[in-house]
Amino acid sequence: MNRPSPNRRQHLIQQWGSILWPSFIAAGAASVVFFAFVDPLRLQAISFPGTTISRELGYSAGFFMFWAVTALSSAVTWYLNRPMPGDDDEELPLG
């Protein structure tokens, strides 16, 4: 089995951390703001009337939904900010 080198592993941990940590904080803030105005049981009654859930499950599902969306946003930002291969100042695409 090929194991990544310690430097490569640390780099991967930093990449994942730079995506997941800010998105976790943003999801927490979004959950607080959203659920200050929306009751998960009322939302469930509107969206899935035949299903019963607890309020805690609604809060948890909402948080993880916000976390997935903000993690995707962070991942796209990371992808767009990575250096281009052979990046030199001679050939700027729009410059």
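This one's a predicted model, so the numbers in the text were calculated from it and none came from an experiment. (Residues numbered from 1 in each chain as written. Predicted model: local features only at pLDDT ≥ 70, side-chain atom pairs only at ≥ 80, totals over all residues. Heavy atoms only, no water.)

This paragraph deals with the environment of Phe 35. Its place among the elements puts Phe 35 in helix H1 (residues 6-37). It is 8.7 Å that separates the C-alpha atoms of Phe 35 and Gly 62, two residues lying 27 residues apart in sequence. Residues in contact with Phe 35, not counting those within four places in the same chain, are Pro 40, Gly 58, Tyr 59, Gly 62 and Phe 63. (Helix = DSSP H or I, 4+ residues; strand = E, 2+ residues; numbered from the N terminus. Contact = heavy atoms within 4.5 Å.)

A few words now on the packing of aromatic side chains. The geometry of an aromatic ring pair is captured by two quantities: the separation of the ring centres and the angle between the planes. Counted under the stated rule, the structure contains 9 aromatic pairs. Measuring from ring centre to ring centre gives 5.2 Å for Phe 24 and Trp 67, while their planes differ by 70°; the resulting arrangement is edge-to-face. Here Trp 67 lies in helix H3 (residues 55-81) and Phe 24 lies in helix H1, a separation of 43 residues in the sequence. By relative accessible area, Phe 24 is classed as partly exposed at 32%. Judged by centre distance (5.0 Å) and plane angle (85°), the rings of Phe 35 and Tyr 59 are edge-to-face. With Phe 35 in helix H1 and Tyr 59 in helix H3, this residue pair connects regions lying 24 residues apart in the sequence. (Phe/Tyr/Trp six-rings, centres within 6.5 Å; stacked < 30°, edge-to-face > 60°. Buried < 20%, exposed > 50% of the residue type's maximum accessible area, 1.4 Å probe, protein only.)

So, on to the environment of Ser 60. Mapped onto the secondary structure, Ser 60 falls in helix H3. Residue classification places Ser 60 among the partly exposed positions, given a relative accessible area of 35%. Sequence separation between Ser 60 and Pro 40 is 20 residues; the distance between their C-alpha atoms is 9.8 Å.

So, about the packing of H1 against H3. At a minimum axis separation of 7 Å, H1 and H3 run at an interaxial angle of 135°. Taken as axis vectors, H1 and H3 run oblique relative to one another. Handedness of the H1/H3 crossing: right-handed. For the pair H1 and H3, contact is made by Gln 15, Ile 19, Leu 20, Ser 23, Phe 24, Ala 26, Ala 27, Gly 28, Ala 30, Ser 31, Phe 34 and Phe 35 and by Gly 58, Tyr 59, Gly 62, Phe 63, Phe 66, Trp 67, Thr 70, Ala 71, Ser 74, Ala 75 and Trp 78, respectively. The class makeup of the residues in the contact of H1 with H3 is 15 nonpolar, 8 polar and no charged. (Axes fitted to C-alpha atoms, helices over the stretch in contact; angles between N-to-C directions. Parallel < 35°, antiparallel > 145°, perpendicular 65-115°, else oblique. Left-handed = near helix turned anticlockwise from the far one by under 90°. Nonpolar A, V, L, I, M, F, W, Y, C, P; charged D, E, K, R; others polar.)

Interpretation in functional terms is not warranted from these geometric data alone.
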